[in-house]
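One letter stands for each residue in the lines below.
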Amino acid sequence: MSRIPTLITFNIRRSIYQNFGLKHFDHLRPFFHLIPVINDHSAGIEDRAAVIVNKVKQFLQQNKQYEKVNLASYSLSGIDTRYALSCLGLDEYSQSLVT
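All values reported here derive from a predicted model rather than from experimental measurement.

*Asks:* Please explain the packing of helix α2 (residues 45–62) against helix α3 (residues 76–87) as it appears in this structure.
*Replies:* In helix packing, the relevant descriptors are the interaxial angle and the interaxial distance, both defined with respect to the helix axes. At a closest axis distance of 8 Å, the pairing of α2 and α3 adopts a crossing angle of 75 degrees. Our classification of the angle between α2 and α3 gives roughly perpendicular. Residues Ile45, Glu46, Arg48, Ala49, Ile52 and Val53 of α2 touch α3, and the partners they reach there are Leu76, Ser77, Ile79, Asp80, Thr81, Tyr83 and Ala84. Its residues assigned to classes, the contact of α2 with α3 shows eight nonpolar, two polar and three charged.

Below, the structure is given as structure tokens:
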């Protein structure tokens with residue numbers, strides 16, 4: 001089995017994403033897969049957590065050599081990811097979480 005990949009989750013405001021994209025995170029791309037949750041911060045925890053679950057599932061579907069991922073979550077995204085793990089079934093796809 002291959003080494004378990006680490007995915008970084010983070011929230012980013014839609015206006016910032018539209019103006020700057022993800023270029024500030026380019027230095028992380030050689031080491032991590034990025035999961036930005038692009039929103040206007042009016043989205044609730046359930047919606048943001050669902051985005052994370054869907055993006056993790058999509059990553060695993062596109063990278064079938066992996067069964068699970070490690071998650072590293074920044075700031076508010078850590079709360080969203082913990083909700084996804086405990087309430088939305090993300091624990092089935094995750095080996096660990098660091099916040």
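*Asks:* What exactly am I supposed to notice about the pattern of salt bridges here?
*Replies:* Close approach of charged atoms lets side chains of opposite charge pair. Under the defined criterion, the tally for this structure stands at two salt bridges. Here arginine 29 makes a salt bridge to aspartate 26, at a shortest N to O gap of 3.0 Å. Ionic pairing is found between aspartate 80 and arginine 48, a salt bridge with its closest N-O pair at 2.8 Å. Linking aspartate 80 in helix α3 with arginine 48 in helix α2, this pair joins segments that are 32 residues apart in sequence. This pair shows no difference in class: aspartate 80 is buried, exactly as arginine 48 is.

About the criteria used
By convention here, each chain's residues receive numbers from 1 onward along its written sequence. Residue-level local features of this predicted model are given only where pLDDT is at least 70; pairs of side-chain atoms are given and counted only at 80 or more, and the full residue set underlies all totals for whole chains, interfaces and linings. Note: side-chain values were computed over all heavy atoms of the structure, leaving out hydrogens and water. To obtain each axis, a line is fitted to C-alpha atoms, and for helices this fit is confined to the stretch in contact; angles are then taken between N-to-C directions over 0 to 180 degrees. In DSSP terms, a helix is any run of H or I states spanning at least four residues, a strand is any run of E spanning at least two, and both are numbered starting from the N terminus. Orientation labels follow simple angle bins: below 35 degrees gives roughly parallel, above 145 gives roughly antiparallel, 65 to 115 gives roughly perpendicular, and whatever is left gives oblique. Any two residues whose heavy atoms approach within 4.5 Å are treated as being in contact. Under the scheme applied, nonpolar residues are Ala, Val, Leu, Ile, Met, Phe, Trp, Tyr, Cys and Pro; charged residues are Asp, Glu, Lys and Arg; polar residues are all the others, including Gly. We define a salt bridge as a contact between a side-chain nitrogen of Lys or Arg and a carboxyl oxygen of Asp or Glu at a distance within 4 Å. The rule is simple: take the accessible area with a 1.4 Å probe, protein chains only, and divide by the maximum for that residue type; under 20% is buried, over 50% is exposed, in between is partly exposed.

By themselves these figures say nothing about function.
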